[in-house]
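Chain and residue survey
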Amino acid sequence: RFYAGGSERSGQQIVGPPRKKSPNELVEDLFKGAKEHGAVAVDRTAKSGGESSKPKPFAGGGYRLGATPEEESAYVAGERRQNSAQDVHVVLKLWKSGFSLDSGELRSYQDPSNAQFLDDIRRGEVPAELRRLARGGQVNLDMEDHRDEDYVKPKSVFRAFTGEGQKLGSTAPQVMGTSSPAQQAENEAKASSAIAIDESEPVTNIQIRLADGGRLVQKFNHHHRIRDLRLFIVDARPAMAATSFVLMTTFPNKELTDENQTLKDANLLNAVIVQRLT
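Residues numbered from 1 in each chain as written. Predicted model: local features only at pLDDT ≥ 70, side-chain atom pairs only at ≥ 80, totals over all residues. Heavy atoms only, no water.

**Focus on unusual backbone geometry**
Phi at Asp102 is positive, roughly 55 degrees, even though this residue is not glycine. Relative to the helices and strands, Asp102 is located in the loop between β6 (98–101) and β7 (107–108). Notably, Asn267 is not glycine yet its phi reads approximately 60 degrees, a positive angle. Tracing the backbone through its elements, the reader meets Asn267 in the loop between β12 (254–255) and β13 (272–277). (Helix = DSSP H or I, 4+ residues; strand = E, 2+ residues; numbered from the N terminus.)

**Notes on the side chain of His224**
Here His224 shows up in the loop between β10 (215–221) and α5 (226–236). The exposure class of His224 is buried, given its relative accessible area of 9%. A distance of 3.3 Å separates the side chain of His224 from the backbone oxygen of Ala196, its partner in a polar contact. In this view, His224 contacts Ile195, Ala196, Ile197, Gln261, Thr262 and Leu263; residues no more than four positions away in its chain are not counted. (Buried < 20%, exposed > 50% of the residue type's maximum accessible area, 1.4 Å probe, protein only. Polar contact = N/O pair within 3.5 Å; in protein donor to acceptor, adjacent residues only side chain to side chain. Contact = heavy atoms within 4.5 Å.)

**Details of the packing of aromatic side chains**
For the structure shown, the criterion picks out 4 aromatic pairs. Centroid distance Trp95 to Tyr151: 5.7 Å. Interplanar angle 85 degrees. Geometry classified as edge-to-face. With Trp95 in the loop between β5 (88–94) and β6 and Tyr151 in the loop between β8 (139–145) and α4 (181–193), this pair connects stretches of sequence that are 56 residues apart. Considered together, Trp95 and Tyr151 belong to a single accessibility category, that of buried residues. An aromatic cluster of three or more residues is present, and its members are Phe99, Tyr109 and Phe117. Over the face of the ring belonging to Phe117 we find Arg107, whose NZ or CZ atom lies 5.3 Å from the ring centre. Above the plane of the ring of Phe245 lies Arg230, whose end atom (NZ or CZ) is 4.4 Å from the centre. (Phe/Tyr/Trp six-rings, centres within 6.5 Å; stacked < 30°, edge-to-face > 60°. Lys NZ or Arg CZ within 6 Å of the ring centre and 35° of its normal.)

**Considering the sheet that holds β13**
Sheets are built from strands that pair by backbone hydrogen bonding, the pairs being arranged parallel or antiparallel. With mixed pairing, 5 strands are arranged side by side in an open sheet as β10-β9-β13-β11-β12. Bordering the open sheet on either side are β10 and β12, each of which pairs with just one other strand. Note: strand β9 (residues 203–209) against β13, 3 bridges, orientation parallel. Across the sheet, residue Ile208 finds its bridge partner in β13, namely Ile273. Against the sheet, α5 contacts β9, β10, β11 (245–249) and β13, and its axis sits at roughly 125 degrees relative to β11. (Pairing = 2+ DSSP bridges. Axes fitted to C-alpha atoms, helices over the stretch in contact; angles between N-to-C directions.)

Read these as layout, nothing more, since geometry by itself doesn't imply function.
Here is the structure:
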């Protein structure tokens, strides 16, 4: 409150807006409020940021070995936890101009959307944002004092390549398929039924090792040609229709370049054929 004008015994009272706390005072209040509600100071050198001090129990199963050779081993089921609940460990880092959670982005102290979050921390309560994240589990919150430091954006974590590719150094490189097992089985059945087999003529079985790591075994007549093998592969794996590949024999490896040859003339009766991408 301020007074203006008048004499020693009178004057005009003016009520001004409340003074905003500085970031340093705000951080001090957060730590003070948390300690009043049971927070305990932890030596930063004894525990690295983001590392939970609470050990996680083994939640799987196992076999208890028998005490004697005659006693059978018994399977023991481990403690199973509800899928809907999970313990969450969060590190709240208080910087000069804002705060961050774990390795997240900087959030301003002055942003009204963060006011409720900071008020909950000051009262020693778990913010609703973290309770939703835990979905009923336990929330462990660490607070780190960085009020004298400017926020530094953490370096991005390296992520391994998760796309598709080919394994080098093999005549049958492994590639990732996109069809479901049910769809793949349906395609293979259609491809097999498309091969016209004359039971009155000699028959042979051809095994085909595919570039995607799969294997096909199909019955052919001796008079079927190498190009029939190619059509069979494309029908069984439609994704191969737009892929360039060659067919080869094994031991010794030899490319089958003349696709007009019959299986008998190419000496491929009961043979193993390898598909190689080019």
